[in-house]
Protein chains: 2
Amino acid sequence: MGQADFPSWLAQHVQRVEAALEGWLPAPDAEPVVLHQAMRYAVLGGGKRVRAALVYAAGEVCITSGGGLSPAQRTALDRAAAAVELIHAYSLVHDDLPCMDDDDLRRGRPTVHKQYDEATAMLVGDALQPQAFELLAQMPIAPALIVQSVELLARAAGSVGMVGGQFVDCVSVGLALTDEQLQSMHAMKTGAMLQASILLGGVVAGASSQQRGALEDYAEAVGIAFQVADDILDAVADTATLGKTAGKDAAANKPTYVTLLGLETAGQLLEGLRKAAHEAVRPLGVQGARLGQLADFIAQRNH
Amino acid sequence: MGQADFPSWLAQHVQRVEAALEGWLPAPDAEPVVLHQAMRYAVLGGGKRVRAALVYAAGEVCITSGGGLSPAQRTALDRAAAAVELIHAYSLVHDDLPCMDDDDLRRGRPTVHKQYDEATAMLVGDALQPQAFELLAQMPIAPALIVQSVELLARAAGSVGMVGGQFVDCVSVGLALTDEQLQSMHAMKTGAMLQASILLGGVVAGASSQQRGALEDYAEAVGIAFQVADDILDAVADTATLGKTAGKDAAANKPTYVTLLGLETAGQLLEGLRKAAHEAVRPLGVQGARLGQLADFIAQRNH
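The written sequence of each chain sets the order in which its residues are numbered from 1. Think of it this way: whatever chain is written first is A, whatever ligand is written first is 1, and the rest follow in order. This being a predicted model, a pLDDT of at least 70 is required before a residue's local features are given, and a value of 80 or more before pairs of side-chain atoms are given or counted; all residues contribute to the totals for chains, interfaces and linings. Side-chain measures here rest on the full set of heavy atoms in the structure, leaving out hydrogens and waters.

Under an unreviewed UniProt entry, chain A has the name Polyprenyl synthetase family protein and belongs to Mesopusillimonas faecipullorum. Per UniProt, chain A carries the Sequence similarities (unreviewed entry) text "Belongs to the FPP/GGPP synthase family." UniProt positions are given in the numbering used here, feature names are shortened, and annotations may be inferred rather than shown by experiment.

Here you go:
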């Protein structure tokens, strides 16, 4: 599991979740046809699939020495990976709406409400969310693990997780947040779902309590690192590289790690979090290496 | 279980679900405070709680002769009843938004986006949905029954259920639907969640396959009856009685059972469905009587 094979591991697992989403989203010719096509447009339009990769990497940590994951566990990881991507996709669709961020461009293509209309975009998001829970309910693993997974995802997606963070983000426009407030907002808005993705991989693959502990520490560092990297990218990249409108947060007077700390200090914070992630997975031995590589990828990505 | 005690049974169970919602929604002083207050405003503002009553009545069918439901089963029914009301409440909040029905009034009070703003209303709906699945995951019953419940609710709330029906409703404005198309739209939009409420009660309380069969037949009749009654009310009641804008569907040129069939034929259809509901629960014996009374209530309500 050297550094060199990480890109091919990532490509392979991105392909797995794409196939899962492609196969488990309602068919484009199933009624209501336009709604289902819009759901597929929202979900299948590329994306880095970082959350799915976290599910897989965390799940594969639980491979016991010598043995691999069972076919049922592999299918369950596919469903869990698809579920977190559905939640992420729905949140982007709603976030792009005029009453929220009012964005026209996402992943280099028109946003859902631009390609279709606002009502469709709202309903696409509303339908993707239960689809995620349906995928979890259909995992071929012990019902007790499914129940834990549903509770985990529901909390992360809800008012004390992702949606709560979006709310705080909305009402913070133009306000001067403290470092602590900014961190708390992002811990909910982005961190909760990244963290849930990691823990979900562990739950689905039957992680031991020692493994779960390491995954929790790792998740905490990665959750923040992701947002710091995102804010740095938003500040330095151009729209073409980013595939979405660059500099938008600063223009909207939204607080970011960069506006708060400056570019250099934000970079140092990011490097510290990256190292903390590596530290966290050290007890997992060789199986944890993939999670370390994924942390590097998240901290050092350029789009 | 005579006719006379139905109003007190209903009042008692409405009280139970109100207490469940009150207790299980995030506290009004929990962060983010305004989001949580808006969620409570959306959910706790009254409402007939028909879906919750269906969960309870269907669950109580499974009482074996002599014995009652266990405390765990009663708590599970409370959670399931609260869950379907959360899904219903979120759908109303989103449905009232300007990009959908654009309604200012709901249950005699300003709609959520009027009382707060559009972004808050969207996020309230987005947060209520996972809260429903969290409540199901926390039911103190066998995990396998929880998994069935999650799958049932997810399908009913999703693109081939409630949200699919709302989509078809949206794109049908101004179109002449056939009887069959109208019935299919309502079977998704309203019927799916009513049906799920009934089946959920059965699943949670451990219904036998014979009991489930009867509940399914009952659910089919009641799902349609509810919408026919709603359309008749919209046509004949005034805004004050209704607590929402009356005659709105007809004014928006939305097809209804009344515009399609005329008032008299719609009334005959409703009476036929009411009788079919009674017929369906006959095999359940005395335990089914409550479901029959609930069907009468749904068909004969005047607000």
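Structure's up, so let's keep going.
**Q** Where do I start with the overall build of chain A in this structure?
**A** Summing up its helical and strand segments, chain A has 15 helices and two strands in all. In terms of C-alpha radius of gyration, chain A reaches 19 Å, essentially the compact-globule figure of 19 Å for 303 residues. The principal-axis extent of the C-alpha atoms belonging to chain A is close to 55 × 50 × 35 Å. Expressed as a percentage of the 303 residues in chain A, the buried residues total 57%. Accessible surface computed for chain A: about 11200 Å², of which carbon and sulfur atoms make up 53%. Taken together, the 22 basic and 34 acidic charged side chains of chain A have centroids lying 4 Å from each other. Put simply, DSSP H or I for four residues or longer makes a helix, DSSP E for two residues or longer makes a strand, and each gets a number counted from the N terminus. As defined in this context, the radius of gyration uses C-alpha atoms, and a globule is described by 2.2 Å times the residue total to the power 0.38. With a 1.4 Å probe rolled over the protein chains alone, any residue whose accessible area is under 20% of its type maximum counts as buried; one over 50% counts as exposed, and the rest are partly exposed. Methods summary: accessible areas were calculated by the Shrake-Rupley approach with a probe of 1.4 Å, and residue burial reflects only the protein chains presented. For the purpose of charge, His is not counted, nor are the chain termini; Lys and Arg are scored as positive and Asp and Glu as negative. By convention, charge coordinates are those of NZ in Lys, CZ in Arg, CG in Asp, or CD in Glu.

**Q** It is not clear to me how the interface of chain B and chain A should be interpreted in this structure. Could you clarify?
**A** By a widely used convention, the size of an interface equals the accessible area lost when the partners come together. Residue contacts follow a heavy-atom distance rule, with two residues in contact if any of their heavy atoms lie within 4.5 Å. Listed per partner, the contact involves 44 residues of chain B and 44 residues of chain A. Throughout, buried area stands for the accessible area (probe radius 1.4 Å) lost by two parts on being put together, summed over both. Taken together, the two surfaces of chain B and chain A that pack against each other cover about 3500 Å², and 76% of this comes from carbon and sulfur. Among the residues chain B hides against chain A, the three largest losses belong to B:M122, B:L123 and B:F167. Together they make up 17% of the total. Note on definitions: salt bridges are taken to be side-chain nitrogens of Lys or Arg within 4 Å of carboxyl oxygens of Asp or Glu. Our enumeration of links across chain B and chain A arrives at two salt bridges. Two residues, A:R155 and B:E134, come together in a salt bridge whose shortest N-O distance is 3.0 Å.

**Q** Explanation requested: the nonpolar core in the structure shown.
**A** The nonpolar side chains of a soluble globular protein tend to be buried, and buried together. Grouping buried Ala, Val, Leu, Ile, Met, Phe, Trp, Tyr and Cys residues that are joined through side-chain atoms within 4.5 Å yields what is termed a nonpolar core. Core analysis: the biggest nonpolar cluster contains 180 residues, and A:L128, A:Y218, B:L128 and B:Y218 have the highest contact counts within it. Filtering out sequence-adjacent residues up to four positions away, A:L128 remains in contact with A:L25, A:M39, A:A42, A:V43, A:L86, A:A89 and A:Y90.

**Q** Teacher, can you tell me more about the relation of the copies chain B and chain A here?
**A** To go from the first copy of the chain to the second, apply a rotation about an axis and then a shift along the same axis. Least squares is used to superpose the copies, and the fit set is the C-alpha atoms of residues whose pLDDT is at least 70 in both copies. You can overlay chain B on chain A at an RMSD of 0.0 Å; the transform is a turn of 180° with a shift of 0.0 Å along its axis. On this basis, the relationship between the two copies can be described by a two-fold rotation axis. Rotation axis and chain B: the residue whose C-alpha lies nearest the axis is B:P143, separated from it by 2.6 Å. Most of the interface of chain B is mirrored in chain A, where 100% of its interface residues are also at the interface.

**Q** Teacher, can you tell me more about the pattern of salt bridges here?
**A** Pairs may arise between side chains of opposite charge once their charged atoms sit close together. Using the criterion set out here, one finds 24 salt bridges over all chains in the structure. Measuring nitrogen to oxygen at the nearest pair gives 2.7 Å for the salt bridge that ties B:D296 to B:R274. On the criterion of sequence distance, the pair formed by B:D296 in helix α15 (residues 289-300) and B:R274 in helix α14 (residues 263-281) is long-range, its members being 22 residues apart. Just as B:D296 is buried, B:R274 falls in that class too. When salt bridges that share partners are traced, they join A:E271, A:R274, A:K275 and A:D296 into one network.

**Q** Would you explain helix α7 (residues 143-157) of chain A in this entry?
**A** In an α-helix, one turn spans 3.6 residues; hence positions three or four apart end up facing the same way. To estimate the expected span of a helix, count its residues, drop one, and scale the result by 1.5 Å. With 15 residues, α7(A) extends 21 Å between its outermost C-alpha atoms, agreeing within 8% with the 21 Å of an ideal straight helix rising 1.5 Å per residue. Every buried residue of α7(A) is accounted for by A:L145, A:I146, A:V147, A:S149, A:V150, A:L153, A:A154, A:A156 and A:A157. Residues of α7(A) that are buried in the fold lie against α4 (71-95), α6 (118-137), α8 (162-171) and α9 (179-204) of chain A together with α6 (118-137) and α7 (143-157) of chain B.

**Q** Got a minute to help me understand unusual backbone geometry in this structure?
**A** Leaving glycine aside, a negative phi is the common case for residues, and trans is the common case for peptide bonds. All names here are of chain A. The omega torsion of the bond from E31 to P32 falls at -5°, within 30 degrees of zero and hence cis. Structurally, P32 is set in the loop between α1 (6-24) and α2 (33-43). Located in the positive-phi region is D102, a residue other than glycine, with phi close to 55°.

**Q** Looking at this structure, I do not really get the packing of aromatic side chains. What am I missing?
**A** In this description, a pair of aromatic rings is defined by centroid distance and the angle of the planes. We call Phe, Tyr and Trp rings a pair once their centres come within 6.5 Å, taking the six-membered ring for Trp, and we label the pair stacked below 30 degrees between planes, edge-to-face above 60, and tilted otherwise. Applying the stated rule across the entire model yields seven aromatic pairs over all chains. When the centroid spacing of 6.0 Å and the interplanar angle of 50° are considered together, the rings of B:F6 and B:F297 count as tilted. Highlighted residues: B:F6 in helix α1 (residues 6-24) and B:F297 in helix α15, separated in sequence by 291 residues. In this structure B:F297 comes out as partly exposed when scored by relative accessible area, which is 26%. For the pair B:Y41 and B:Y116, a centre-to-centre distance of 5.9 Å together with 75° between the ring planes defines the contact as edge-to-face. Taken as a pair, B:Y41 in helix α2 (residues 33-43) and B:Y116 in the loop between α5 (112-115) and α6 lie far apart in primary sequence, 75 residues in all. Accessibility expressed as a relative area gives 15% for B:Y41, which makes it buried. Using a relative accessible area of 27% as the deciding quantity, one classes B:Y116 as partly exposed. Through pairs of rings, three or more aromatic residues link up here, namely A:F6, A:W9 and A:F297. Residue placement shows A:R51 over the ring face of A:F226; its charged tip is 5.3 Å from the ring centre. Placement of a charge over a ring requires the Lys NZ or Arg CZ to be within 6 Å of the ring centre, with the centre-to-atom vector within 35 degrees of the ring normal. We note A:R79 situated over the ring of A:W24; from NZ or CZ to the ring centre the distance is 4.0 Å.

**Q** Please clarify how the packing of α2(A) against α6(A) should be interpreted in this entry.
**A** A pair of packed helices is characterised by two quantities: the angle between their axes and the separation of those axes. Residue and element names in this part refer to chain A. Where α2 contacts α6, the two axes come as close as 9 Å, and the packing angle between them is 75°. As summarised for this structure, α2 and α6 are arranged roughly perpendicular, according to the angle between their axes. For the pair α2 and α6, the contacting residues are L35, A38, M39, A42 and V43 in the first and T120, L123, V124, A127, L128 and Q131 in the second. Here the contact of α2 with α6 is built from residues that sort into nine nonpolar, two polar and no charged. As a rule, the C-alpha atoms of each element are fitted with a line to give its axis, helices using only the stretch in contact, and angles between N-to-C directions run from 0 to 180 degrees. If an angle is under 35 degrees, it is roughly parallel; if it is over 145, roughly antiparallel; if it lies from 65 to 115, roughly perpendicular; otherwise it is oblique. Charged means Asp, Glu, Lys or Arg here, nonpolar means Ala, Val, Leu, Ile, Met, Phe, Trp, Tyr, Cys or Pro, and polar covers whatever is left, Gly included.

**Q** Is there a simple way to explain α15(B) in this structure?
**A** Residues and elements named next belong to chain B. With 12 residues, α15 extends 16 Å between its outermost C-alpha atoms, agreeing within 8% with the 16 Å of an ideal straight helix rising 1.5 Å per residue. The element α15 is extensively covered by neighbouring structure, given that nine of its 12 residues are classed as buried. Along α15, the residues classified as buried are R290, L291, G292, Q293, L294, A295, D296, I298 and A299. Taken together, the buried residues of α15 touch α1, α3 (50-60), α10 (209-236) and α14.

**Q** In this structure, what is going on with the side chain of B:D126? I would like to understand it.
**A** In this structure, B:D126 sits in helix α6. Once residues within four sequence positions are removed from consideration, B:D126 is found in contact with A:Y90, A:H94, A:D126, A:Q129, A:V163 and B:H94.

**Q** Is there a simple way to explain the side chain of A:S91 in this structure?
**A** Looking at the element boundaries, A:S91 is found in helix α4. The contacts of A:S91, once residues within four sequence positions are left out, are A:M162 and A:Q166.

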